[in-house]
Amino acid sequence: MSQLTTRLVNDTPDAAMVRARDGNDVDHRIAIDKGSGEVAVHQYNDYPGEFEACTSEQRRMIRAARTSARYIVQAETDADVVRPTERPENIRNGIRVIESLTEGEFVRYFREYYDEVQEPSASVPESVTTVTSVLYLDEASTRLEYVTDPTYEIQTQSGTHWQYTNPADTMAAPNRDPDVLCRLEPGTLSVAFGGPFRSFLIDHLKCQIRDVYWLRGESVPEDCRLEGAGNPDVDRVREAAEPESGPEPEPGAVRE
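Every residue gets a number counted from 1 within its own chain, in the order that chain's sequence is written. Local features in this predicted model are restricted to residues of pLDDT 70 or higher, and side-chain atom pairs are both shown and tallied only at a pLDDT of 80 or more, whereas totals for entire chains, interfaces and linings draw on every residue. Excluded from the side-chain calculation are hydrogens and water; included are all heavy atoms of the structure.

Details of the state of the cysteines
Now for step 1: Disulfide assignment relies on a single distance test, namely cysteine sulfur atoms paired within 2.5 Å. Enumeration according to the criterion identifies 0 disulfides in this entry.
Now for step 2: Among the cysteines around Cys207, which has no disulfide bond, Cys224 carries the closest sulfur, lying 7.9 Å off.
Now for step 3: Relative accessible area serves as the criterion here: at 1%, Cys207 is assigned to the buried category.
Now for step 4: Given a relative accessible area of 0%, Cys224 falls into the buried group. Burial classes follow relative accessibility: with a 1.4 Å probe on protein chains only, a residue under 20% of its type's maximum area counts as buried, one over 50% as exposed, and anything between as partly exposed.

This is how it looks when you write it as structure tokens:
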């Protein structure tokens, strides 16, 4: 099976056109809305017209073409269509910053997060799907500028919601998209705090890089070929009946 390839073929003020050839040698024509980052048009041959009628392998190829198209538009146009938290270079910067923290700094930034992952203090703990630590790097991407208190992703009948353990974070955090997200399912840690948890977080971020490459249908970098928890949304995408339609809200990204 060949590797997925993509190329930008047209760039207008409102949309960018991408051609992709997936691992099954099927051609895709994709238009990305430069304002929203969503896929505006996606045409392909040789697969069923209805996504639900496709095999799991065909669905994976369709998702890979769509994801890869967004990344090439991010790289080769003036559009900002990929979140910072989904860019491998940003995640690697986060890894280097976490590695550089002193023991005292690591305790200050991540002790509470560790405790909340172990046992969430949310009002309805059983509804918590992930516990998130939102990281903002400085302009040089060499230090932590701001780290929010743990944030809960809450799943209810009405949908997904975010609950802040410190509501002041919504005003105190930088008014921009975060750079790195640590997102872990509650009650899943089997390591002690300190060095073992620092190593766990680094592997968690490497697994997020792994997931980006998987979504794009590309070979995963050698150092990121790990088993473990990465982006929890990717597990949902693997099982989803529909391709990704566009960005979902994330903590720290929007101000009311």
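Continuing now.
Some points on the pairing of strand β8 (residues 159-164)
Now for step 1: When DSSP locates at least two bridges between a pair of strands, those strands are taken to pair. To qualify as a helix, a DSSP run of H or I must reach at least 4 residues; to qualify as a strand, a run of E must reach at least 2; elements of each kind are numbered from the N terminus. Pairing geometry for strand β7 (residues 151-156) and β8, over 6 bridges, is antiparallel. In the sheet register, Thr156 faces β8, and the bridge partner there is Gly159.

A closer look at the side chain of Glu153
Now for step 1: Among the structural elements, Glu153 can be located in strand β7.
Now for step 2: We classify Glu153 as buried; its relative accessible area is 3%.
Now for step 3: A distance of 2.7 Å separates polar atoms of two side chains, one belonging to Glu153 and the other to Thr130.
Now for step 4: By definition in these notes, contact holds between two residues if any of their heavy atoms fall within 4.5 Å. Excluding anything up to four places from it in sequence, Glu153 contacts Ser127, Val128, Thr129, Thr130, Thr160, His161, Trp162, Arg183 and Arg236. We define a polar contact as two N or O atoms separated by no more than 3.5 Å, with the added condition that, inside protein, one atom must be a possible hydrogen donor and the other a possible acceptor, whereas residues neighbouring each other in sequence contribute only through side-chain atom pairs.

Some remarks on the packing of aromatic side chains
The relative placement of two aromatic rings is captured by the distance of their centres and the angle of their planes.
Now for step 1: For Phe, Tyr and Trp, where Trp contributes only its six-membered ring, two rings pair if their centres lie within 6.5 Å, and the inter-plane angle classes them as stacked under 30 degrees, edge-to-face over 60, or tilted in between. Scanning the entire structure with this criterion turns up 10 aromatic pairs.
Now for step 2: Members of the aromatic cluster, connected to one another through ring pairs, are Phe106, Phe110, Tyr113, Tyr114, Phe193, Phe197 and Phe200.
Now for step 3: Over the face of the ring belonging to Tyr109 we find Arg108, whose NZ or CZ atom lies 4.7 Å from the ring centre. For a ring to carry a charge above it, either NZ of a lysine or CZ of an arginine must fall within 6 Å of the ring centroid while also lying within 35 degrees of the normal to the ring plane.

Examining the packing of helix α3 (residues 103-118) against helix α5 (residues 195-215)
Now for step 1: Their axes nearest at 11 Å, the elements α3 and α5 cross at an angle of 75°. Between α3 and α5, the angle falls in the class roughly perpendicular. Residues Glu103, Phe106, Phe110, Tyr113 and Tyr114 of α3 pack against Phe197, Arg198 and Leu201 of α5. Working convention: axes come from line fits to C-alpha atoms, limited for helices to the stretch in contact. Angles between N-to-C directions cover 0 to 180 degrees. Angles are sorted into four bins: roughly parallel if under 35 degrees, roughly antiparallel if over 145, roughly perpendicular if 65 to 115, and oblique for all others.

Side note on the pairing of strand β4 (residues 39-44)
Now for step 1: In this structure, strand β3 (residues 27-33) lies alongside β4, joined through 5 bridges in antiparallel fashion. Paired with His28 across the two strands is Tyr44, which belongs to β4.
Now for step 2: In this antiparallel pair of consecutive strands, β3 and β4, the connection spans 5 residues, and Gly37 shows a positive phi of 80°.

Here's the deal with the nonpolar core
Now for step 1: To qualify as a nonpolar core, a set must consist of buried Ala, Val, Leu, Ile, Met, Phe, Trp, Tyr and Cys residues joined through side-chain atoms within 4.5 Å. Counting residues in each nonpolar core, the largest one holds 31 residues, and the members touching the most others are Phe106, Phe110, Tyr113, Leu135, Phe197 and Leu201.
Now for step 2: Elements supplying a minimum of two residues to this core: α2 (88-100), α3, β5 (128-137), β6 (144-147), β7, β9 (180-184) and α5.
Now for step 3: Ranked by residues supplied to this core, first place goes to α5 with 6 residues.
Now for step 4: If near-sequence neighbours (up to four positions away) are discounted, Phe110 is found in contact with Ile98, Leu101, Ser133, Leu135, Cys182, Phe193, Phe197 and Leu201.
Now for step 5: Val18, Ile32, Ala69 and Val212 belong to the second-largest nonpolar core, a separate cluster that totals 17 residues.

Focus on the sheet that holds β4
Now for step 1: Pairing is antiparallel across the open sheet formed by 4 strands, whose spatial order is β1-β2-β3-β4. Looking at strand neighbours, the two that pair on one side only are β1 (5-11) and β4, the edges of this open sheet. Between one strand and the next, the sheet's axes are offset by a mean angle of 20°, whatever the strand orientation.
Now for step 2: Pairing of β1 with strand β2 (residues 15-21), which is carried by 6 bridges, proceeds in the antiparallel orientation. Its bridge partner being in β2, Leu8 is matched across the sheet by Val18.
Now for step 3: The strands touched by helix α1 (residues 56-76) within the sheet are β1, β2, β3 and β4, with β3 carrying the most contacts at an inclination of about 50°.

As for the environment of Ile202
Now for step 1: Tracing the sequence through the fold places Ile202 in helix α5.
Now for step 2: Judged by relative accessible area, which is 10%, Ile202 ranks as buried.
Now for step 3: Sequence separation between Ile202 and Arg96 is 106 residues; the distance between their C-alpha atoms is 8.8 Å.
Now for step 4: The contacts of Ile202, once residues within four sequence positions are left out, are Ile95, Ile98 and Glu99.

Thoughts on the packing of α2 against α5
Now for step 1: Across the interface, α2 lies against α5 with an axial gap of 10 Å and an inter-helix angle of 170°. On the basis of the axis angle, α2 is roughly antiparallel to α5. Where α2 abuts α5, its residues Pro88, Ile91, Arg92, Gly94, Ile95, Ile98 and Glu99 lie against Arg198, Ile202, Leu205, Lys206, Gln208, Ile209, Val212 and Tyr213.
Now for step 2: Tallied by class, the residues present in the contact of α2 with α5 amount to 9 nonpolar, 2 polar and 4 charged. Asp, Glu, Lys and Arg are counted as charged, while Ala, Val, Leu, Ile, Met, Phe, Trp, Tyr, Cys and Pro are counted as nonpolar; the rest, among them Gly, fall into the polar class.

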